[in-house]
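Analysis of the macromolecular model
For reference, the chains in residue letters:
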Amino acid sequence: MATLSAAKRVVIKIGSALLVDRKTGALRSDWLVGLAQDVAWLKSLGHDVVLVSSGSIALGRGVLGLPVTTLALEQSQAAAAVGQIRLARAYEEVLAPHNITTAQVLVTLEDSADRRRYLNSRATMEQLLSLGVVPIVNENDTVATDEIRFGDNDRLAAQIAVTVGADQLILLSDVDGFYSANPTEDATATRYAQIDTITAEIEAMAGDAGSGLSKGGMKTKLMAAKTATAAGCAMAITEGSVIRPLTALEQGANATWFTAQTDPQAARKRWIAAMKPRGSVTLDAGAVAALARGKSLLPAGISAVAGPFERGDSVALLDQTGRAIGYGLTRYSSAEATQIKGYKSAEIEAILGYPGRAALIHRDDMAV
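The following refers to the structure shown.

Digging into the packing of helix 2 (residues 29–44) against helix 4 (residues 73–95)
For the pair helix 2 and helix 4, the least separation of the axes is 9 Å and the interaxial angle reads 60°. Comparing their axes, helix 4 and helix 2 come out oblique. Once helix 2 is placed against helix 4, the crossing between them reads as right-handed. On helix 4, the residues touching Leu32, Val33, Leu35, Ala36 and Val39 of helix 2 are Ala90, Tyr91, Val94 and Leu95.

What follows is the structure, encoded as structure tokens:
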């Protein structure tokens, strides 16, 4: 069974009911301080940490005096606008004493559906994590509508885990795992310690949301598990209201672990390899050798470009004989690639008139 200390990159989902007192609408400061201590512990182990946090609407609702009931869309957006700044400040204040820098990242469903925006999000998150920052991710409730929203942060957390290539996703919930039935209604319900395959029988056991502040029930948690495990990310559901819930999980607290079906890098490469290429780039012998050593593809190693393709599209990587040696997601359009092919990365800005990315195709966006 997975352990947090064995992870390399962890995404932690925090629900509104854990952060915000339902009766008063106030932040649960003691709990948040404990969570910060857990995050500091993970960082001390050398892990990358991403927090996917609900709570902006719940916090804003209290400030604005809105009822603890279903809100109209415009009320939710207004509450999110007021609450989001308070939520970001709260995370900043509890993590700063541990010398941890935070960043606010707001996303919508469109950011993952659109390939260019997905790649932008991925590049930004990778840069933040490489700098030791802990991103605080939330759905952009101030602009999201029913047609474009993720709908709950369980699914959002799974999507973020896939985006950053996490190997573990932890859902801090108001239940201590996945049960055969709703444990509050059925005394015979049993908790699963580990689920290797999400079968139709498992799906039939899922219930609905239990908290007045939370949108996500077991159905959405299973959807999150399917997304995460297929991408090589193990997922745990555990009760999160205790002080230092991640430490409790590491020490054996009740949880359900969903087993990853592969590893994140292999899953991503299979996804890239399965995409239909929109064009191709021909590599010189030096670039072919560099790719064989696991390097990124730089513009200097390209001798020809065939399109048309746009940034974020899949392109075939051809050797000098025209044989496809792999596929990758390009960071430049075919028009841009034609302009910078054969040139050094330091010359890109002078050629295009704006600073670009050093690699045409990063090694993480490539299947060779």
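Regarding the sheet that holds strand 1 (residues 9–14)
In spatial order, the strands read 3-4-2-1-5-9-10-8; together these eight strands make up an open sheet with mixed pairing. Pairing within the sheet leaves two strands with one partner each, and these edge strands are strand 3 (102–107) and strand 8 (194–195). With six bridges joining them, strand 3 and strand 4 (residues 134–139) adopt parallel strand pairing. If you follow alanine 103 over to strand 4, its bridge partner there is proline 135. The strands touched by helix 2 are strand 1, strand 2 (48–53), strand 4 and strand 5 (168–173); relative to strand 2, the strand with the most contacts, the crossing angle is about 155°. Contacts from helix 4 reach strand 1, strand 2, strand 3 and strand 4, with the element oriented near 150° to strand 3.

Topic: the layout of surface pockets
Size it by volume and the largest pocket reaches roughly 820 Å³. Lining the largest pocket are 29 residues, with Arg122, Glu126, Gln265, His362 and Asp364 positioned closest to its centre. Of all the secondary structure elements, the ones that give two or more residues to the lining of the largest pocket are helix 6 (115–130) and helix 11 (264–274). By residue number, the principal contributor to the lining of the largest pocket is helix 6, which donates seven residues. Considering only residue class, the lining of the largest pocket consists of seven nonpolar, seven polar and 15 charged.

Overview of the pairing of strand 11 (residues 279–283)
Across the five residues that make up strand 11, a large majority, five, are buried. Note: strand 11 against strand 13 (residues 314–318), four bridges, orientation parallel. Counterpart to serine 280 in the pairing with strand 13 is alanine 316. With four bridges joining them, strand 11 and strand 12 (residues 302–306) adopt antiparallel strand pairing. Opposite serine 280, over in strand 12, you have alanine 306 as the bridge partner.

Rules of the game
- Residues numbered from 1 in each chain as written.
- Predicted model: local features only at pLDDT ≥ 70, side-chain atom pairs only at ≥ 80, totals over all residues.
- Heavy atoms only, no water.
- Axes fitted to C-alpha atoms, helices over the stretch in contact; angles between N-to-C directions.
- Helix = DSSP H or I, 4+ residues; strand = E, 2+ residues; numbered from the N terminus.
- Parallel < 35°, antiparallel > 145°, perpendicular 65-115°, else oblique.
- Left-handed = near helix turned anticlockwise from the far one by under 90°.
- Contact = heavy atoms within 4.5 Å.
- Pairing = 2+ DSSP bridges.
- 1 Å grid on protein atoms, 1.4 Å probe; cavity = no way out; pocket = protein on both sides within 12 Å on 5 of 7 lines; lining within 4 Å.
- Points joined across faces, edges and corners; volume = space filled by probe spheres on them.
- Nonpolar A, V, L, I, M, F, W, Y, C, P; charged D, E, K, R; others polar.
- Buried < 20%, exposed > 50% of the residue type's maximum accessible area, 1.4 Å probe, protein only.

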